[in-house]
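Here are the chains, one letter per residue:
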Amino acid sequence: MPDWRRSGLFWLWLAVLVVALDLLTKWIVDSTLIYYQRIPVIEGLFDITLAYNPGAAFSFLAGAGGWQRWFFIAVAVGVSVMLLVWLARLQREKWLEAAGLSLILGGALGNLYDRIVHGHVVDFILVHWQDTWYFPAFNVADSAITVGAVLLIVDMFRPSGKEST
């Protein structure tokens with residue numbers, strides 16, 4: 001087992017931060033709003049709302065009858081283990097890759113907690129254009145996964161062997 005101070009495991013603090021921020025924001029929204037209540041933040045563009053998603057991204061398999069909860073739990077556990085192994089084998093200096101992996105791990109763990117404890121994921125960020133177009137509601141964990149994936153893509157296109165500080 002590599003020394004965590006020299007491996008990508010050093011970046012686990014970022015995953016812990018994502019989980020904490022994700023669970024805190026979900027708790028605040030879930031304890032103060034009623035289901036589908038909307039609070040405009042930027043009129044016609046951005047609202048806070050309370051929604052539950054028993055499925056995956058874009059409510060994929062949301063109406064599948066309940067088995068999908070256990071499937072998504074198994075996938076999240078498997079992916080989390082894979083990300084931990086990847087981080088453990090990664091050099092600490094590969095900060096962009098490690099940050100991306102840690103953001104994805106934190107987001108996966110935040111949504112995993114919801115699936116295990118609540119049976120669904122709490123979503124609350126609603127982006128829309130007026131009342132004509134709506135992006136599916138999402139949360140901090142989903143945002144961290146997306147930003148983490150973008151960081152990994154950016155890292156793939158960087159010249160190898162040239163880590164910037």
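Note that the structure is predicted; figures quoted are calculated from it, not measured.

## Looking at the packing of aromatic side chains
For step 1, the next point in the chain: Tallying each qualifying case throughout the model produces six aromatic pairs.
For step 2, the next point in the chain: Here the aromatic rings of Tyr 35 and Tyr 36 are separated by 4.3 Å at their centres, their planes lie at 50°, and the arrangement is tilted.
For step 3, the next point in the chain: The class for Tyr 36 is exposed, based on a relative accessible area of 52%.
For step 4, the next point in the chain: Grouped by ring-pair contacts, the aromatic residues Phe 10, Trp 11 and Trp 13 constitute a single cluster.
For step 5, the next point in the chain: The ring of Phe 10 has Arg 92 lying over it, and the distance from NZ or CZ to the ring centre is 3.5 Å.

## Notes on helix α4 (residues 140–156)
One full turn of an α-helix is made of 3.6 residues, so residues set three or four places apart face in the same direction.
For step 1, the next point in the chain: Between its first and last C-alpha, α4 extends 24 Å over 17 residues, near the 24 Å set by a 1.5 Å rise per residue.
For step 2, the next point in the chain: Packing partners of the buried residues in α4 comprise α1 (12–32), α3 (95–117) and β3 (121–129).
For step 3, the next point in the chain: Measuring from the backbone nitrogen of Ala 141 back to the side-chain oxygen at the start of α4 gives 2.9 Å, which picks out Asn 139 as the cap.

## Remarks on the pattern of salt bridges
Two side chains carrying opposite charge are able to pair once their charged atoms lie near each other.
For step 1, the next point in the chain: Under the definition given, this model contains four salt bridges.
For step 2, the next point in the chain: With a closest N to O distance of 2.8 Å, Lys 26 and Asp 22 form a salt bridge. Taken together, the residues span about one helical turn, with Lys 26 and Asp 22 both in helix α1 at a distance of four residues.
For step 3, the next point in the chain: The exposure class of Lys 26 is buried, given its relative accessible area of 3%.
For step 4, the next point in the chain: A network of salt bridges, in which partner residues are shared, links Asp 22, Lys 26 and Asp 114.

## Focus on the nonpolar core
For step 1, the next point in the chain: Leu 9, Trp 11, Ala 15, Leu 83, Leu 87, Ala 88, Leu 90, Ala 98, Leu 101, Ile 104, Leu 105 and Leu 152 form the largest nonpolar core, which has 12 residues in total.
For step 2, the next point in the chain: Among the secondary structure elements, those contributing two or more residues to this core are α2 (67–89) and α3.

The rules behind each value
- Residues numbered from 1 in each chain as written.
- Predicted model: local features only at pLDDT ≥ 70, side-chain atom pairs only at ≥ 80, totals over all residues.
- Heavy atoms only, no water.
- Phe/Tyr/Trp six-rings, centres within 6.5 Å; stacked < 30°, edge-to-face > 60°.
- Buried < 20%, exposed > 50% of the residue type's maximum accessible area, 1.4 Å probe, protein only.
- Lys NZ or Arg CZ within 6 Å of the ring centre and 35° of its normal.
- Helix = DSSP H or I, 4+ residues; strand = E, 2+ residues; numbered from the N terminus.
- Expected span 1.5 Å × (residues − 1).
- Contact = heavy atoms within 4.5 Å.
- Polar contact = N/O pair within 3.5 Å; in protein donor to acceptor, adjacent residues only side chain to side chain.
- Salt bridge = Lys/Arg side-chain N within 4 Å of Asp/Glu carboxyl O.
- Core = buried A, V, L, I, M, F, W, Y, C linked by side-chain atoms within 4.5 Å.

No statement about biological role is implied by the geometric values presented.
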